[in-house]
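# Examining the three-dimensional arrangement
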Amino acid sequence: MRPIPSIASVLAASLSLYLGAPPVSAHHSFGLFDMSKTAEIEGTVVRLEWSNPHCWLFIESGPTSDAAAINYGFELTSVGEMIRRGWTKISVKPGDKIKVTYHPVRDGRPAGYMMSVMTDTGKYIGRPPEGQNAPPPPAPPTAGPG
């Protein structure tokens with residue numbers, strides 16, 4: 001007959017497993033991005049990678065009279081979250097002119113974490129950021145004669 005483990009040994013084993021396991025959220029660090037800064041760039045869509053764990057948007061900005069064209073890469077969220085935000089895999093297509101608002105990477109490379117994308121006609125793709133392009137609140141009810 002095998003001995004039954006004591007409650008203390010079961011708790012000790014459970015605690016050691018809990019403390020020894022790496023945090024699940026470690027993959028979703030935003031340490032690469034400077035979340036205290038916001039930047040905007042206008043450009044032409046090169047491609048949208050519709051894939052998990054993160055979608056990616058690549059655009060080309062420029063050229064300008066004093067600079068060559070620059071390719072930017074933007075990390076987006078997962079496919080599921082992008083769908084919840086109103087995006088599809090054909091929301092942007094190569095050649096589309098867009099403006100991207102993003103948190104830049106800390107090391108200055110032309111990349112960042114996408115916050116919003118606007119078409120050249122001023123319309124947000126997907127759900128607009130909080131407080132922007134939102135419909136006005138309904139008018140309060142008026143008091144009738146009384």
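Structure first, text after, so check above.
So, a few notes on the structure that sits alongside this text.

### Topic: the overall build of the protein chain
A count of helical and extended segments in the protein chain gives two helices and five strands. Starting at the N terminus, the α and β elements of the protein chain follow one another as α-β-β-β-α-β-β. Evaluated residue by residue, the protein chain yields a buried proportion of 26% over its 146 residues. Carbon and sulfur atoms form 61% of the exposed surface of the protein chain, whose accessible area is close to 10,300 Å².

### Let's talk about the sheet that holds strand β3 (residues 70-75)
Spatial strand order, β1-β2-β3-β5-β4: five strands in a closed barrel with mixed pairing. In this sheet, neighbouring strand axes are inclined to one another by 55° on average, regardless of whether the strands run parallel or antiparallel. Here six bridges tie strand β1 (residues 39-49) to strand β4 (residues 97-104), and the two strands are oriented antiparallel to one another. Bridge pairing in β4 places Ala39 opposite Tyr102.

### Here we look at the side chain of Thr77
Residue placement: Thr77 occurs in the loop between β3 and α2 (79-84). Ignoring sequence-local partners within four residues, the contact set of Thr77 consists of Pro53, His54, Cys55, Met82, Arg85 and Tyr113.

### Side note on the nonpolar core
By size, the foremost hydrophobic cluster in this structure holds 19 residues, and its most contacted members are Leu57, Phe74, Leu76, Trp87, Ile98 and Val100. Where this core is concerned, the elements lending two or more residues are β1, β2 (56-61), β3, α2, β4 and β5 (111-119). For Val100, the contacting residues outside a window of four places in its chain are Ala39, Glu40, Ile41, Leu57, Ile59, Phe74, Met114, Ser116 and Val117.

Definitions and cut-offs
Residues numbered from 1 in each chain as written. Predicted model: local features only at pLDDT ≥ 70, side-chain atom pairs only at ≥ 80, totals over all residues. Heavy atoms only, no water. Helix = DSSP H or I, 4+ residues; strand = E, 2+ residues; numbered from the N terminus. Buried < 20%, exposed > 50% of the residue type's maximum accessible area, 1.4 Å probe, protein only. Areas by Shrake-Rupley, 256 points an atom, 1.4 Å probe, with all protein chains shown as cover. Pairing = 2+ DSSP bridges. Axes fitted to C-alpha atoms, helices over the stretch in contact; angles between N-to-C directions. Contact = heavy atoms within 4.5 Å. Core = buried A, V, L, I, M, F, W, Y, C linked by side-chain atoms within 4.5 Å.

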